Structure formats: C-alpha cells, structure tokens
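Summary of structural features
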Amino acid sequence: MKTERSYPRYTVTPKAAAALTRGHPWVYDAEILSIEGTAENGGLVDIVGKKGQYLGTGFLSEQSKIRVRLISRNANDRFDEAFWRRKLQWAWEYRKAVLAPEDLDACRILFGEADAFPGLTVDKFHDLLSVQVLSVGMERIKGMLLPMLAEILRQDGQTVRGIYERNDVALRDKEGLPQYKGWFPLPGEAVPETPVTEITENGVRYLVDVENGQKTGFFLDQKYNRRAVGRLAKGRTVLDCFTHTGSFALNAALGGAAHVTAVDVSEAAVEMARANAARNGLTARMDFLCENVFDLLPQLEKEPVKYDFIILDPPAFTKSRKTVRNALSGYKEINYRAMRLLPRGGYLATCSCSHFATEDKFLAMLADAAHDAGVQLRQIEARQQCCDHPILWGVEETNYLKFYLFQVV
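Structural notes, computed from the coordinates.

What counts and what doesn't
Residues numbered from 1 in each chain as written. Predicted model: local features only at pLDDT ≥ 70, side-chain atom pairs only at ≥ 80, totals over all residues. Heavy atoms only, no water. Phe/Tyr/Trp six-rings, centres within 6.5 Å; stacked < 30°, edge-to-face > 60°. Buried < 20%, exposed > 50% of the residue type's maximum accessible area, 1.4 Å probe, protein only. Pairing = 2+ DSSP bridges. Helix = DSSP H or I, 4+ residues; strand = E, 2+ residues; numbered from the N terminus. Axes fitted to C-alpha atoms, helices over the stretch in contact; angles between N-to-C directions. Contact = heavy atoms within 4.5 Å.

A look at the packing of aromatic side chains
Taken as a whole and judged by the stated rule, the model has 17 aromatic pairs. Geometrically, the ring pair formed by Y404 and F406 is stacked, given 5.7 Å between the ring centres and 5 degrees between the ring planes. Take F406: its relative accessible area is 5%, and that puts it in the buried class. Through pairs of rings, three or more aromatic residues link up here, namely F242, F294, F317, Y331, F362, Y404 and F406.

Structure representation (structure tokens):
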C-alpha cells in the first residue's frame, strides 16, 4: 500500500482476492480469513490478500452475507466530501454523454455497483428524484450524498423539486435496515405537495407516482428497446403482453401501428395504461384487456383477429438460481404460444429482466420454443438495458436484461 492506512484490515481468501482482481466489488462473510482492528457497521475497511497486498476499501455490513462492498481500489483515495462529489459528478456526466439531452428528463443517475455506489439507486423523473438505499454503508452517508446530488443537478440547469425514498423493499432486511418510504428532507426546503410528476420518454408522456409506482416509480431500462419497437410497429396489428403502464404499447401506437391491444393481469395496470393512452391522444387505435397472458395466448389461436407483431415483456419469473428451471418453462410457454400465433413474416419482441435467466439459457429456451412451434427465427436485433443502466464487466449482476427482436419465417 502506498499510504499509511487507518482502516481495519480484512484478510480474504485467494478465491475472493481473485474475484476482486477481476473487478467484482463484493466480499462474502465466508471469504474473510482474519480481521485486524474494529470497524463500525457501515464503516470503511481495507481488504487485503493473504500476502498483505491491498485489494480495495469498502463498506462493512455486519448482518449481510455480502460482508464488504468496495467503493475504491486506489490506496491513495481519501473518502471525504470531495471524493463523493467527484463520483457523483462523474455519474451525471456519464449520463449526459451517453443519452440525448431529451432523454435526461427520465433516466437512472446512479446504478449501484456499476457506478461504484454499492446498494444505491437514484432515478430522475423530470423534477423528482426517486431513491432506493439497499446497503448500510450508503444509508450512513445518504445525508451527505443526496443534497450534494441535488446541488450538482441544479447547477447544471436541472429542476429538482424533491427527493423521495423508496426504501420499502425486503432487501433492506438483510442489512438490518428498516423498510419505509417517504420524502427525504433537503436542508431548508419544504417537501413537495405531491409525489406525482409527468415525464416524456421517446415522445410519450406518462404520469409517474414515485410513492406508489413499482420499484422506483417507472421502469427506465427499456427506454431504447421501446423506441426500437415503435420503429417496427408502423402499419402492424400489435399485441403487447404484460403491458403494465402501457409503455411498449404506447410506443407502438405512436410509431404508427394500425391497432394495438395491451394486456395485463392487473386491473390497476390496465387502468394506468388506458389513462396514458388518453394522455397521448392514442385511444382510438388501442384497446385494453385485463387477462392472464398464459390463458389468453392459447385462446387467441381460436380467434379471428390476427396479430403480426407480438411483444412479450414479462416480470422477472425468477429471482434466484433455485427457480430458474421453472422460470424458463414459463418463458418457453409464452414464447411458444406467441410464435404459433404469428403469421409467417410476423414479428416478435421478447425479453427477460432476470439476471438468473442468463443469456445462454434464454437463447436455448427460444430455440426450443421455435422448434416446438415449427417456425424459424430471423434475428433483427439483440439488445440490452439502456445505457444509463451500465453493465460493468466483471460484475455479472449488472448485466440482467435480454431483449430480442425477431421475424418469424
């Protein structure tokens, strides 16, 4: 190490050292061989190999199996306010570089480990920031980080009306943190009167409720995939399955689809999609069904209405390795049914947002579904999550969204 260190030292196994060297930022509790010094929960510790080589500095989490999350691999870093301001500025400058100016209206500003803010997510919805804090280390310093981020954005001409914390997630239990949601009090400012704001994405307007919407309020990771669907939808009869707020359906309708049917099992989701269609003046070319997609697709084979473009954007069917097989069975069922419904020359958009349903497994499932449906797939595009959700090589958890556009031939 290049400087005298004042942090407790955690010596880790060779396996852990190798993973850290490859770029992964986590140390598991079972990988710690010895500890020198005493650290507070959520405090900083140094990670070293068996020979004492410095591997990084990170936040300790005493209750989690992920015992340490790295924030730096530079032994010369000083973890003061200037350090964190620099990192926040880098994250915002990155979004400005990779997104068009109009796409900054609704974007992810911090994506946890991919931005070296482990356990911290910040989404920007027009004039509101929606935040999830999923690690005790970030919980300890959020009082410094969040006002600083608001200041950086405002200095760059962005309006920040308020910051809402969506900490109502079970992952906080593993960190020993309470679940709650509510406004983060910016110093000297009154909290906003409403958690609802309007965003514009790909020319489509949506109301976003950061208090009650799913996750942080709206799914931003499919931004450019929705745009790709909109380009392909012109003149086509479209079936959008698992529509949720109607985002893919609305992009298809705005892109010039002849007609779009949007389907979701949730009546509340269908109502949101219908309201968004009205907000964008697209109601005349859309209809909405509250149905279970698994039941609907087989029924549609008997119906006279034919779709030449089907979109499958299901929720994550698996959130652990233990349930991957069942999840792939579910993915196969809906893709098989969609392929049978489509005419030759029809189009299919299909995706999975589960990290555990890996790309290899997902592609193998699609090949099986096509074989059983008696069709061949001609790939148009293979896409991933939007670039404001960057994939950090060496951290497989940041690479989760698979999205494919096919023609059925």
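Picking up where we left off.
Quick look at the sheet that holds strand β10 (residues 162-167)
Reading across from one edge, β7-β8-β9-β10-β11 is the order of the five strands in this open sheet, with mixed pairing throughout. The sheet is open, and its two borders are formed by β7 (106-111) and β11 (180-184), each paired with just one other strand. Averaged over all pairs of adjacent strands, the angle between strand axes in this sheet comes to 20 degrees, irrespective of strand direction. Summarising the sheet, strand β9 (residues 128-133) and β10 pair through four bridges and their orientation is parallel. Counted as the bridge partner of V131 is E165 from β10. Helix α2 (residues 81-98) contacts β7 and β8 (120-125) of the sheet and is inclined by roughly 145 degrees relative to β7.

Focus: the pairing of strand β20 (residues 402-408)
Counting buried positions along β20 yields seven of seven residues, so the element is predominantly enclosed. Here β20 shows no split at all, with K402, Y404, F406 and V408 on one side and F403, L405 and Q407 on the other all buried. One ladder, built from six bridges, connects strand β18 (residues 347-352) with β20; its direction is antiparallel. Following the sheet pairing, L348 is matched in β20 by F406. Where strand β19 (residues 377-383) meets β20, six bridges bridge the pair, whose relative direction is antiparallel.

This is a description of form; function is not addressed.
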